[in-house]
Amino acid sequence: TFASYNMELSNGHPVIDIFLPTFRMEPEEAERFFPSQAKAIGDRILNEMLTGVVYEETEAKQLSVEISDKIRESVAESMGPNSRFKIIVQTTVGEMKDQ
C-alpha cells in the first residue's frame, strides 16, 4: 500500500489517503494464454505455407523467418489488442534426406 499525507483537515485532523496497488499479478480468465490454441494456429499456418514446397537451401532461412512472423502475428491477434504476453516463435526448416 501507498499512503500520502494530505494537508487538508477533516474535523481538525489531517487526512491520510491510502492507495492500493492497481496492478494485477495474474491475467483474467479471458486473457490467459492457451498453448493448445497457439499450436492449432501454428499447425494451420505450417500446412498452408509448406504444402507443395520443395526444399531449397538458399530459401530456407527466408522461409523460416516468414513462418515465424506469420505465426507470431496470428497468435498475438488471437489474444487481443490488450495482451501483455510476449510471443516468441522459433522455427527450423531442414531437409529430410532418405527418411
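The rules behind these values
- Residues numbered from 1 in each chain as written.
- Predicted model: local features only at pLDDT ≥ 70, side-chain atom pairs only at ≥ 80, totals over all residues.
- Heavy atoms only, no water.
- Helix = DSSP H or I, 4+ residues; strand = E, 2+ residues; numbered from the N terminus.
- Buried < 20%, exposed > 50% of the residue type's maximum accessible area, 1.4 Å probe, protein only.
- Contact = heavy atoms within 4.5 Å.
- Salt bridge = Lys/Arg side-chain N within 4 Å of Asp/Glu carboxyl O.
- Expected span 1.5 Å × (residues − 1).
- Arc of directions from axis to C-beta.
- Core = buried A, V, L, I, M, F, W, Y, C linked by side-chain atoms within 4.5 Å.

Draft legend 1. Structural view of the side chain of S74. Inspection of the secondary structure assignment puts S74 in helix α2 (residues 57-79). On the accessibility criterion, S74 (19% relative accessible area) is buried. Residues contacting S74, with those up to four places away along its chain left out, are I41, R44 and I45.

Draft legend 2. Molecular detail of the pattern of salt bridges. In this structure the tally under the stated criterion is five salt bridges. When the shortest N-O distance is used, the salt bridge between R44 and E48 registers 3.2 Å. Of this pair, R44 and E48 are both found in helix α1 (residues 35-50), four residues apart, which corresponds to roughly one turn of the helix. For D69, the salt bridge is made with R72, and the minimal N-O distance between the two is 3.1 Å. Of this pair, D69 and R72 both sit in helix α2, three residues apart, which is roughly one turn of the helix. Take R72: its relative accessible area is 34%, and that puts it in the partly exposed class. Linked by salt bridges that have partners in common, R44, E48 and K70 make up one network.

Draft legend 3. Geometry of α1. With 16 residues, α1 ought to run about 22 Å at 1.5 Å a step, and its terminal C-alpha atoms sit 22 Å apart, in line with that. Within α1, the full set of buried residues consists of A38, I41, G42, I45 and M49. Taken down its axis, α1 places every buried residue within 100° of arc, on the same side. α1 presents S36, K39 and N47 as exposed residues on the side facing more than 90 degrees away from its buried surface. Buried residues in α1 make contact with α2. Among the residues trailing α1, G52 stands out with phi positive, at a value near 75°.

Draft legend 4. Region of interest: the nonpolar core. In terms of nonpolar packing, the biggest core is built from ten residues, these being A38, I41, I45, M49, L63, I67, I71, V75, M79 and I87. At the level of elements, α1 and α2 are the ones that each hand at least two residues to this core. Per element, the largest residue contribution to this core is five residues, and it comes from α2. Apart from the residues within four sequence positions on either side, L63 is in contact with M49, L50, V53 and V93.

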